[in-house]
Amino acid sequence: MPWYTRGADPSRHLWAGQRFEGHHLYDGKIPIIATGLRNLREHGPVFLRFGRKQMQPLREAIGNSRREAAEVRWRAELKVRDREVKEQLRLAAEQCEAEREARRPGCADCGERLSGNRWEAAQGYPAPTGRWRPALCEGCEARAVAADTQAEREREAQERAMPEQKAGWRSRFRT
């Protein structure tokens, strides 16, 4: 029986890890390492951790290199999945924006797409009023309002020029 097994077997519950996906978990366990005086005079792997079969340098004997490697792989896979999810979200957002833009109406006069604020306002108040024309862009609406204003001025000027016609049909019977 090797010298290190005399203390290893009775204390197994303190240091033995549990197998988990290609490595051992040593959570809540104590890393017990041993070496001999002759080994301390040598350089290199001189420590033996209970449960392992070969001598190791101190850092490897108290560490868990397989678990650390598994965590590095897991983090790399997580980064790849994270990038994939972000890319999917970006593509979905672009698709939603493209669908929204496809629904955006164009100006009834010139065909130019309505601006975001105008589109939202036109959806809230779709019925045209005196100076509000939701189907027109700002430029076309300004031209239409200017034309309406000009037509109204001309009509008022005509009404002032012909007061008899304004009086109506009753004025013809007065003599």
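The rules behind these values
Throughout, residues of each chain are indexed from 1 in the direction in which the sequence is written. Thresholds applied to this predicted model are a pLDDT of at least 70 for local features of residues and 80 or more for the giving and counting of side-chain atom pairs; totals over whole chains, interfaces and linings are not thresholded and use all residues. The side-chain quantities take in all heavy atoms of the structure and omit both hydrogens and water. Among buried residues, the Ala, Val, Leu, Ile, Met, Phe, Trp, Tyr and Cys ones that are joined through side-chain atoms within 4.5 Å form a nonpolar core. Here the term buried applies to any residue with accessible area under 20% of the maximum for its type, exposed to any over 50%, and partly exposed to those in between, with areas from a 1.4 Å probe on protein chains only. For this analysis, residues touch if any pair of their heavy atoms sits within 4.5 Å. Counting rule for disulfides: a pair of cysteine sulfur atoms within 2.5 Å. A run of H or I in DSSP counts as a helix once it spans at least four residues, and a run of E counts as a strand once it spans at least two, with each numbered from the N terminus. Per-residue confidence from the predictor is reported as pLDDT, a score between 0 and 100. Any Lys or Arg side-chain nitrogen found within 4 Å of a carboxyl oxygen on Asp or Glu counts as a salt bridge.

(A) Structural view of the nonpolar core. If you look at the biggest cluster of nonpolar residues, it comprises seven residues: Cys107, Leu114, Trp119, Leu136, Cys137, Cys140 and Ala144. Aside from chain neighbours lying at most four places away, what touches cysteine 107 is Glu112, Leu114, Ala135, Leu136, Cys137 and Cys140.

(B) Just the state of the cysteines, in detail. Counted under the stated rule, the structure contains zero disulfides. In this model cysteine 110 remains outside any disulfide bridge; the closest cysteine sulfur is found in cysteine 140, 3.7 Å from its own. A relative accessible area of 42% places cysteine 110 in the partly exposed class. Looking at cysteine 140, the relative accessible area reads 2%, which means it is buried.

(C) The side chain of glutamine 56, seen in detail. Note on placement: glutamine 56 falls in the loop between strand S4 (48-49) and helix H4 (58-62). With a relative accessible area of 8%, glutamine 56 lands in the buried category. The contacts of glutamine 56, once residues within four sequence positions are left out, are Pro45, Val46, Phe47, Arg49 and Ala61.

(D) Representation of the confidence of the model for the protein chain within the structure. Scored by pLDDT, the protein chain has a mean of 76; 77% of the residues are at 70 or more. No element of the protein chain has a lower mean pLDDT than helix H8 (residues 163-167), which averages 57, and none a higher one than helix H5 (residues 65-103), which averages 91.

(E) Representation of the pattern of salt bridges within the structure. All chains considered together, the criterion is met by five salt bridges. Among the ionic pairs, glutamate 77 bridges to arginine 81, the shortest N-O distance being 3.7 Å. Of the two residues, glutamate 77 and arginine 81 both sit in helix H5, four residues apart, roughly one turn of that helix. When its relative accessible area of 41% is taken as the criterion, arginine 81 is described as partly exposed. Taken together, the salt bridges that share partners define one network made up of Glu87, Arg90 and Glu94.

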